[in-house]
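What the coordinates show
In case you want the letters, here they are:
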Amino acid sequence: MAAVAAASRSDELEALHASVSNCTACRLAETRNQVVFGSGNPAAELMFVGEAPGFHEDQQGLPFVGAAGKLLERLLAGIGLARDDVFIGNVLKCRPPGNRDPLADEIEACQNHLFRQIELIQPRVVATLGNFATKLLSGNPTGITRVHGREQNVRLGRSEVLLYPIYHPAAALYTQAMLGVLEEDFRRLPELLGREAAPVEPGEGATAEIAAEPIASEAVTQLGLF
Ligand code: URA
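Since we're looking at a predicted model, the values are computed, not measured.

What counts, and where the lines are drawn
- Residues numbered from 1 in each chain as written.
- Predicted model: local features only at pLDDT ≥ 70, side-chain atom pairs only at ≥ 80, totals over all residues.
- Heavy atoms only, no water.
- Helix = DSSP H or I, 4+ residues; strand = E, 2+ residues; numbered from the N terminus.
- Buried < 20%, exposed > 50% of the residue type's maximum accessible area, 1.4 Å probe, protein only.
- Lys, Arg positive; Asp, Glu negative; His and termini not counted.
- Salt bridge = Lys/Arg side-chain N within 4 Å of Asp/Glu carboxyl O.
- Contact = heavy atoms within 4.5 Å.
- Near = heavy atom within 4 Å.
- Polar contact = N/O pair within 3.5 Å; in protein donor to acceptor, adjacent residues only side chain to side chain.
- Areas by Shrake-Rupley, 256 points an atom, 1.4 Å probe, with all protein chains shown as cover.
- Nonpolar A, V, L, I, M, F, W, Y, C, P; charged D, E, K, R; others polar.
- Axes fitted to C-alpha atoms, helices over the stretch in contact; angles between N-to-C directions.
- Parallel < 35°, antiparallel > 145°, perpendicular 65-115°, else oblique.
- Pairing = 2+ DSSP bridges.
- Left-handed = near helix turned anticlockwise from the far one by under 90°.
- Phe/Tyr/Trp six-rings, centres within 6.5 Å; stacked < 30°, edge-to-face > 60°.

Another aspect to go through is the side chain of arginine 32. With respect to the helices, strands and loops of the structure, arginine 32 is situated in the loop between helix 2 (28–31) and strand 1 (39–40). Buried and without a salt bridge, arginine 32 has aspartate 58 as its closest oppositely charged side chain, separated by 6.8 Å. Once residues lying within four places of it in the same chain are set aside, the contact partners of arginine 32 are Ser21, Asn22, Cys23, Asp58 and Cys94.

So this is what it looks like as structure tokens:
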């Protein structure tokens, strides 16, 4: 029964992929080469959420295929996992021109794709890479420097997940101290994956309801994303 349910969620994820590939909900549709939906195991226990595709991702249609992706793969190998074991996605599915930061209205336009992905994949742990993913999915404006490595049970729409904020690998590429912290935080992932999902207290985590109530751009701004 569970296998049937997983198969049908995987089909739905494929259908979502097909529909998101034609998304024109924000200005990024005009400048992207292609939508970068995300990739990996459609029933992954561990999902990573980055910021947005960069140049290489926009060319290849896959997330984290540049230098930051190589580091992510190395960190994964360090805990005995490969890309295909996990699902890797982003807050934005399209590359912002020049790799600039995501804008509030772009996040608002794109967020339901991410919430739906989480609902279909049903990961136990969602590791947010850097500020944008962390602030969006935690519903809290506190920056990554203060919250990295601190797991928290959150409800995202109909899913309950263990949210685990960590530094973005791109930031760690250039700062040795940050790389050390990222490696240390990464080493806790196996323990977190073995942990039973704890009940979520009302009011904890992001308040966005999948598809029903997207966070408005003013509210996104209040989260301190910018
Ligand atoms: N950085 C991200 O946040 N996402 C990618 O896909 C690549 C680099």
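Past the structure itself, the notes keep going.
The immediate surroundings of the ligand are formed by Gly50, Glu51, Ala52, Pro53, Glu57, Pro63, Phe64, Asn90 and His168. At 2.8 Å, a side-chain N or O of histidine 168 approaches an oxygen atom of the ligand. Contact with the protein chains hides 90% of the accessible area of the ligand, taken as 240 Å² for the molecule alone. Here the residues of the shell around the ligand sort into four nonpolar, three polar and two charged.

Despite not being glycine, phenylalanine 64 shows a phi value in the positive range, around 50°. With respect to the secondary-structure elements, phenylalanine 64 resides in the loop between helix 3 (55–60) and helix 4 (67–78). Unlike most non-glycine residues, glutamine 122 shows phi in positive territory, near 55°. Tracing the backbone through its elements, the reader meets glutamine 122 in the loop between helix 5 (104–121) and strand 4 (125–129). Taking relative accessible area as the criterion, glutamine 122 reaches 45% and is therefore assigned partly exposed.

All right, on to the packing of helix 5 against helix 6 (residues 131–138) then. It is at 12 Å that the axes of helix 5 and helix 6 come closest, and there the two elements cross at 75°. By the angle class used here, helix 5 and helix 6 are roughly perpendicular. Residues Ile107, Gln111, Leu114, Phe115 and Ile118 of helix 5 lie in contact with helix 6, whose contacting residues are Phe132, Leu136 and Leu137. Residue composition of the contact of helix 5 with helix 6, by class: seven nonpolar, one polar and no charged.

Let us now look at the sheet that holds strand 4. Backbone-to-backbone hydrogen bonds join strands into a sheet, with any given pair of strands oriented parallel or antiparallel. Pairing within the open sheet is mixed, and its six strands lie in the order 1-3-2-4-6-5. One side of each edge strand has no neighbouring strand; the edge strands of this open sheet are strand 1 and strand 5 (152–156). In this sheet, strand 3 (residues 87–90) lies alongside strand 2 (residues 46–50) in parallel orientation, the contact comprising four bridges. By the bridge assignment for strand 3, glycine 50 is matched with asparagine 90.

Counting buried residues along strand 4, five of its five residues qualify, which places the element largely inside the surrounding structure. Of the two faces of strand 4, both are covered, the one formed by Val125, Ala127 and Leu129 as well as the one formed by Val126 and Thr128. Two strands pair when backbone bridges link them, and strand 4 and strand 6 (residues 159–166) are joined in this way by five bridges, in the parallel orientation. Of the residues in strand 6, the one forming a bridge with threonine 128 is proline 165.

Let's shift gears to the packing of helix 4 against helix 9 (residues 176–186). It is at 10 Å that the axes of helix 4 and helix 9 come closest, and there the two elements cross at 40°. What the angle tells us is that helix 4 and helix 9 run oblique. Crossing of helix 4 over helix 9 shows right-handed handedness. Contacts between helix 4 and helix 9 pair Leu71, Leu72, Arg74, Leu75 and Leu76 from the former with Leu179, Leu182, Glu183 and Phe186 from the latter. The residue inventory of the contact of helix 4 with helix 9, partitioned by class, reads seven nonpolar, no polar and two charged.

In this description, an aromatic ring pair is defined by two values, namely the gap between the centres and the angle between the planes. Within the structure shown, the criterion is met by one aromatic pair. Ring plane angle 10° and centroid distance 5.7 Å describe the contact between phenylalanine 48 and phenylalanine 186, whose orientation is recorded as stacked. Pair noted here: phenylalanine 48 is in strand 2 and phenylalanine 186 is in helix 9, with a separation of 138 residues, a long-range link. Per residue, the accessibility class of phenylalanine 48 equals that of phenylalanine 186, and both read buried.

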